Amino acid sequence: MTVVFKSQEGKKQILEYYDFLLKKISNPYERLIVDTSYGKTFILAMGKKDLPALILLHGSGMNSSMWIKEMEEYSKCFRVYAIDTLGEPGRSDEVQLPFKTDDLADWLNEVFHGLSIEKASIVGISLGGWLGTKFSIKYNQKVDKLVLLCPSGIGPQKKSFIFKFLLYSLFGEKGINRLFYKINGDKPIPEIMLQYQKLIAKYFNFRKGTIPIFSDQELSKLTMSVALFVGGKDIMLHSEKTAKRLERLLGHAKINFLAEEGHSIVNQGDKVREFLRM
């Protein structure tokens with residue numbers, strides 16, 4: 001079994017910072033635990049229970065704290081569930097399910113069942129976009145609308161990223177700060193989240209497996225409403241290839257190519273909400 005955290009002390013610091021961020025939520029919210037056959041899953045829930053369900057899926061090396069600001073806006077029109085993916089630096093169990101099987105999609109389906117959700121819209125970023133796509137392909141009837149923010153699995157990853165990561169790492173904290181600046185599309189990250197990302201980078205063992213690319217046949221099963229947002233300055237994924245491929249395969253998809261954005265597209269909430277309300 002993969003060791004998710006590098007040390008118990010590191011895990012403790014990451015989760016304490018998580019709780020520190022949650023204290024900044026101004027709206028009422030709930031902490032939920034759903035038991036699945038794959039492990040216990042931690043979820044942040046916000047919004048009236050009779051509103052349409054919206055699932056938020058974070059990226060690799062992160063947890064649902066990344067959605068705190070957006071959740072308060074989404075919860076005006078949706079019952080929002082921000083889910084900590086298994087095996088990531090959050091409060092779900094430390095089980096890293098393989099990418100090459102249906103386990104992650106089946107796990108998310110069990111979470112749907114545990115939350116009594118028959119159908120929901122999904123917003124996923126990076127690895128969360130891949131997971132949202134994977135789930136929507138297998139459980140098509142359970143997804144109303146799908147929003148993909150710089151998703152993995154549609155266009156290829158940039159091989160140059162690992163070299164940039166190693167290069168910036170040679171320059172210590174200044175280099176790491178610069179790397180996150182580049183990931184964010186040459187824009188500064190709020191200090192409170194920058195410090196958290198550096199803490200996670202220090203104590204979390206990032207997944208090293210290659211994220212599979214979906215086949216044309218698989219992507220053609222995305223018959224629900226789909227919106228794609230990718231950044232022209234993404235140093236991790238080939239955004240233009242992602243956009244062109246999805247546009248070619250899904251004529252109904254709304255493609256948003258944002259030339260000045262990077263990989264961390266978290267500032268498109270207004271456009272995402274407009275799409276979800278259509």
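Now for a quick tour of the structure. In this text the structure is predicted, and so the values were computed from the model without any measurement.

1. Let's talk about the pattern of salt bridges
Applying the stated rule across the entire model yields 18 salt bridges. Ionic pairing is found between D19 and R91, a salt bridge with its closest N-O pair at 2.7 Å. Highlighted residues: D19 in helix 1 (residues 8–22) and R91 in the loop between strand 4 (79–83) and helix 3 (103–114), separated in sequence by 72 residues. Here D19 falls in the partly exposed class, since its relative accessible area comes to 22%. For E260, the salt bridge identified is with K233, shortest N-O distance 3.0 Å. Placement of the pair is E260 in the loop between strand 8 (254–258) and helix 10 (269–277) and K233 in the loop between strand 7 (225–231) and helix 9 (239–249), with a sequence separation of 27 residues. With relative accessibility at 49%, the residue E260 sits in the partly exposed group. Its relative accessible area of 28% is what places K233 among the partly exposed residues.

2. Overview of the sheet that holds strand 4
Pairing in this open sheet of 8 strands is mixed, and the strands run 1-2-4-3-5-6-7-8 from one edge to the other. Of all the strands in the sheet, just strand 1 (30–36) and strand 8 have a single pairing partner and so form its edges. Averaged over all neighbouring strand pairs, the angle between strand axes comes to 20°, with direction disregarded. In this structure, strand 3 (residues 53–57) lies alongside strand 5 (residues 120–125), joined through 5 bridges in parallel fashion. Note on strand 5: the bridge partner recorded for L56 is V123. Here helix 9 sits on the sheet in contact with strand 6 (143–149), strand 7 and strand 8, set at roughly 160° to strand 7.

What counts, and where the lines are drawn
Residues numbered from 1 in each chain as written. Predicted model: local features only at pLDDT ≥ 70, side-chain atom pairs only at ≥ 80, totals over all residues. Heavy atoms only, no water. Salt bridge = Lys/Arg side-chain N within 4 Å of Asp/Glu carboxyl O. Helix = DSSP H or I, 4+ residues; strand = E, 2+ residues; numbered from the N terminus. Buried < 20%, exposed > 50% of the residue type's maximum accessible area, 1.4 Å probe, protein only. Pairing = 2+ DSSP bridges. Axes fitted to C-alpha atoms, helices over the stretch in contact; angles between N-to-C directions. Contact = heavy atoms within 4.5 Å.

Without other data, these values stay purely geometric and don't point to any function.
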